[in-house]
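Examination of the molecular architecture
This is what each chain is made of:
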Amino acid sequence: MNGWGRWSRLVMLVALLGVASPLLAAAQTATSPAPREDDPDRDPNRAQPDFTIVNLPTTLRLPRFASAFRVTHRFGRPLGAGDLGDLAGDLFGLDSGAQIGLEYRFGLMRGLQVGIHRTNSKTIEFFSQYSLLQQKENKTLGLDVVATIDGTNNFRDSYSPALGVLLSREFGSRGALYLEPIWVNNSNPLPDDELLGDDNDTFFVGLGLRLRIRPTLYLVGEVLPRVGYDPGVNHASFGLEKRAGGHVFQVNFSNGFGTTMGQLARGGTNSDDWYLGFNISRKFF
């Protein structure tokens, strides 16, 4: 009886396992998350690794329900002020004050991204950008439309809305060129009532370049020739950036401090003063 009992228990165990195994497999299949839909917007783009060049936007698409965060930092000391000893004594401008910006953007739907950018000068910019064409679809150009509005004093005072078109041309994985005509209304924060019709708006054409010189290292540059209200000099920036996974680290040099459309429309300080800065961005997808 003892031998038969052992065999009977073994047969029952095998039978139970035979019944339970398909049930467990079915339960695991039912509770496993569905495979994520293949979204080409999530694929790395080596020609356009970030959503901005230095200050101007690119045509890189943000996937639906994904997001990205960016920090901008522009030191206030002109690099050409004083001699080399003075510059080194100020740690190449790092000891000076700075204009700092924090930015968050979100993919509201496929092709549409919205966001907010705030600087420590208490300027807040809201922006939206929609992708009309992608180069990988038409083999020619990328085309986006962008709309922004920034307001001073925590969006309580002077408002500067802007509308523009973003054109990009990628060259394989080696980089991209940009042409960005943008109109900014009320770019003059203190207009003369007699000149409202002539000197209260700015139209600029952003010209940008991103060139990949190493697998994860890029040269970037942009310049913004303007008509209309155009104090100072045309804003210009160039820099070197490093891509590391979902992060992009950029060291840049600019002749002004602008990071919003209204600030960029007001131009740089002068052609002789250049300022050290950096951008750090992080994608969450």
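Please read these numbers as outputs of a predicted model, since none were measured by experiment. (Residues numbered from 1 in each chain as written. Predicted model: local features only at pLDDT ≥ 70, side-chain atom pairs only at ≥ 80, totals over all residues. Heavy atoms only, no water.)

1. Considering the side chain of Q99
- Looking at the element boundaries, Q99 is found in strand β2 (residues 98-109).
- Since its relative accessible area comes to 16%, Q99 is described here as buried.
- Here the side chain of Q99 touches Q263 through a polar contact of 3.4 Å, side chain to side chain.
- Discounting chain neighbours no more than four positions away, the residues touching Q99 are T72, H73, R74, T119, N120, S121, F257, T259 and Q263. (Helix = DSSP H or I, 4+ residues; strand = E, 2+ residues; numbered from the N terminus. Buried < 20%, exposed > 50% of the residue type's maximum accessible area, 1.4 Å probe, protein only. Polar contact = N/O pair within 3.5 Å; in protein donor to acceptor, adjacent residues only side chain to side chain. Contact = heavy atoms within 4.5 Å.)

2. A closer look at the side chain of H73
- Mapped onto the fold, H73 is located in strand β1 (residues 67-75).
- The buried category is assigned to H73, whose relative accessible area is 14%.
- In contact with H73, not counting residues within four places along its chain, are A98, Q99, I100, L276, G277, F278 and N279.

3. What about the packing of aromatic side chains?
- Taken as a whole and assessed by the stated rule, the structure comprises seven aromatic pairs.
- Judged by centre distance (5.4 Å) and plane angle (25 degrees), the ring pair of F238 and F253 falls under stacked. Of this pair, F238 sits in strand β11 (residues 236-244) while F253 sits in strand β12 (residues 247-254), and the two are 15 residues apart along the sequence.
- The exposure class of F238 is partly exposed, given its relative accessible area of 42%.
- For F253, a relative accessible area of 27% puts it in the partly exposed group.
- Three or more aromatic residues joined by ring pairs form one cluster here, namely F126, F155 and Y159.
- Above the plane of the ring of F171 lies R169, whose end atom (NZ or CZ) is 5.9 Å from the centre. (Phe/Tyr/Trp six-rings, centres within 6.5 Å; stacked < 30°, edge-to-face > 60°. Lys NZ or Arg CZ within 6 Å of the ring centre and 35° of its normal.)

4. What about the environment of L264?
- Considering the arrangement of structural elements, one finds L264 in helix α6 (residues 261-265).
- Note on L264: relative accessible area 0%, which makes it buried.
- Along the backbone, L264 and V184 are 80 residues apart, and their C-alpha atoms lie at a distance of 9.5 Å.
- L264 has contacts with N55, L56, L224, R226, H235, G258 and T259, leaving out every residue within four places of it along the chain.

5. Section: the confidence of the model for the protein
- When pLDDT is averaged along the protein, the result is 86; 80% of the residues meet or exceed 70.
- Below a pLDDT of 50 lies the segment residues 7-35, which in the model reaches zero contacts outside its immediate sequence neighbourhood of four places, other chains included. (pLDDT = per-residue confidence, 0-100.)

6. Regarding unusual backbone geometry
- The phi dihedral of N153 falls on the positive side, at around 50 degrees, and the residue is not glycine.
- Along the polypeptide, N153 turns up in helix α4 (residues 152-155).

7. Concerning the environment of G115
- Along the chain, the position of G115 falls in strand β3 (residues 112-119).
- Judged by relative accessible area, which is 14%, G115 ranks as buried.
- Measuring from C-alpha to C-alpha, the distance between G115 and F69 comes to 9.5 Å, with 46 residues separating the pair along the chain.
- Ignoring sequence-local partners within four residues, the contact set of G115 consists of Y104, R105, E125, F126 and F127.

8. Let's talk about the environment of D144
- Tracing the backbone through its elements, the reader meets D144 in strand β5 (residues 142-151).
- Judged by its relative accessible area of 1%, D144 falls in the buried class.
- C-alpha of D144 to C-alpha of L132: the two residues are twelve residues apart in sequence and 5.4 Å apart in space.
- For D144, the contacting residues outside a window of four places in its chain are T58, T59, Q129, Y130, S131, L132, L133, G164, V165 and L166.
- At a separation of 2.7 Å, a polar atom in the side chain of D144 contacts the side chain of Q129.

9. Describing empty space enclosed by the protein
- Using the criterion set out here, one finds three cavities of 30 Å³ or more in the structure.
- Here the largest cavity defines a volume of roughly 140 Å³.
- What lines the largest cavity is a set of 16 residues, among which N55, P57, R105, E125 and M261 lie closest to the centre.
- Among the secondary structure elements, those contributing two or more residues to the lining of the largest cavity are β2, β4 (124-133), β5 and α6.
- Among the elements that take part in the lining of the largest cavity, β4 stands out by supplying three residues, more than any other.
- A breakdown of the residues in the lining of the largest cavity according to their chemical character gives six nonpolar, six polar and four charged.
- Computed from the structure, the second largest cavity encloses a volume of approximately 60 Å³.
- The set of elements that each furnish at least two residues to the lining of the second largest cavity consists of β1 and β2.
- The biggest single contributor to the lining of the second largest cavity is β1, with three residues.
- Class assignment of the residues belonging to the lining of the second largest cavity gives a composition of three nonpolar, two polar and four charged. (1 Å grid on protein atoms, 1.4 Å probe; cavity = no way out; pocket = protein on both sides within 12 Å on 5 of 7 lines; lining within 4 Å. Points joined across faces, edges and corners; volume = space filled by probe spheres on them. Nonpolar A, V, L, I, M, F, W, Y, C, P; charged D, E, K, R; others polar.)

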